[in-house]
Amino acid sequence: MDNLAHNAADGGDLVANLQTGNSLESIGIFVNGDIANSGQKSEYEKMYAMYSEAVAAGGSLPEIHMAIGNHDWMQGNPDGQFQKYAAKFNTNLTKQPEKVYYDEEVGGYHFIYLGGETGNLHADLSEEQLKWFDKRMTEITNENPRKPVFIFLHQPLYNTVAGSLPGQGWHG
């Protein structure tokens, strides 16, 4: 779902897809970054309006859970804008995330959202974020080592998939 607000210029296709393409049994709509095209508040508001319209027209829809992408950072994430909208789209969050990375439990499963902390193309993960991630994974897997954990990061990690290989430049 890259650049949802940008690609759904009038919102019609997105609203129709939300109304018909999601099972009532879904535990969420998961967006792995770039919910905004250029990180502008108006783009987040447009997405929220389209989602709200789909809910109003079609009844119940799952919450939107999201990771930050490089397009979401294009305005520099003023005043923690991404975190505010992550909480606005997802009322299951008990509080607004303090950072662009956070975790939650949905349907009995753990979901971890990692994210770049600068406006660069790559996912610049701070040492603080990596330590937090390691700590959370240790805590969660100690609870139940056989239960899956869902991890989201918009950009691929270095040397893991096409585009992230040495010299290709599309990595975190």
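Our structure's up above, just so we're on the same page.
The following paragraphs examine the structure supplied in this document. Computed from a predicted model, the values in this text were never measured in an experiment.

What counts, and at which threshold
Residues numbered from 1 in each chain as written. Predicted model: local features only at pLDDT ≥ 70, side-chain atom pairs only at ≥ 80, totals over all residues. Heavy atoms only, no water. Helix = DSSP H or I, 4+ residues; strand = E, 2+ residues; numbered from the N terminus. Buried < 20%, exposed > 50% of the residue type's maximum accessible area, 1.4 Å probe, protein only. Contact = heavy atoms within 4.5 Å. Areas by Shrake-Rupley, 256 points an atom, 1.4 Å probe, with all protein chains shown as cover. Core = buried A, V, L, I, M, F, W, Y, C linked by side-chain atoms within 4.5 Å. Phe/Tyr/Trp six-rings, centres within 6.5 Å; stacked < 30°, edge-to-face > 60°. Lys NZ or Arg CZ within 6 Å of the ring centre and 35° of its normal. Salt bridge = Lys/Arg side-chain N within 4 Å of Asp/Glu carboxyl O.

Across its full length, the chain carries five helices and five strands. Within the chain, buried positions represent 42% of all 172 residues. Excluding contacts between residues fewer than 6 apart, the proportion of contacts in the chain whose partners are at least 24 apart in sequence is 64%. For the chain, the exposed surface amounts to about 9200 Å²; the carbon and sulfur share of it is 50%.

A word on the nonpolar core. Membership of the largest hydrophobic core comes to 28 residues, with the highest contact counts inside it found for I35, Y44, I64, M66, F82 and F89. At the level of secondary structure, the elements contributing two or more residues to this core comprise strand 1 (29–32), helix 3 (41–58), strand 2 (64–67), helix 4 (81–89), strand 3 (102–106) and strand 4 (109–113). Those residues in contact with M66 that sit more than four places away from it in its chain are V31, I35, Y44, F82, Y85, A86, F89, Y102 and Y113.

On to the packing of aromatic side chains. In this structure the tally under the stated criterion is 11 aromatic pairs. With a centroid separation of 4.8 Å and 15° between ring planes, the pair formed by Y44 and Y85 is classed as stacked. With Y44 in helix 3 and Y85 in helix 4, this pair connects stretches of sequence that are 41 residues apart. Exposure class is identical for Y44 and Y85. Each is buried. A connected cluster of aromatic rings, assembled from ring pairs, spans F30, Y102, Y109, F111, Y113, F150 and F152. The ring of Y48 has K88 lying over it, and the distance from NZ or CZ to the ring centre is 4.6 Å. K147 extends its terminal NZ or CZ atom over the ring of Y109, reaching a point 5.1 Å from the ring centre.

What follows covers the pattern of salt bridges. What the rule picks out here adds up to six salt bridges. The closest approach of N and O atoms between K99 and E128, which form a salt bridge, is 3.2 Å. Pair noted here: K99 is in the loop between helix 4 and strand 3 and E128 is in helix 5 (residues 127–143), with a separation of 29 residues, a long-range link. Judged by its relative accessible area of 33%, K99 is partly exposed. D103 is paired through a salt bridge with R136; the nearest N and O atoms lie 2.8 Å apart. Taken as a pair, D103 in strand 3 and R136 in helix 5 lie far apart in primary sequence, 33 residues in all. On the basis of relative accessibility, which here comes to 17%, the residue R136 falls in the buried class. Three or more residues are tied together by salt bridges with common partners; here these are D103, K135, R136 and E139.

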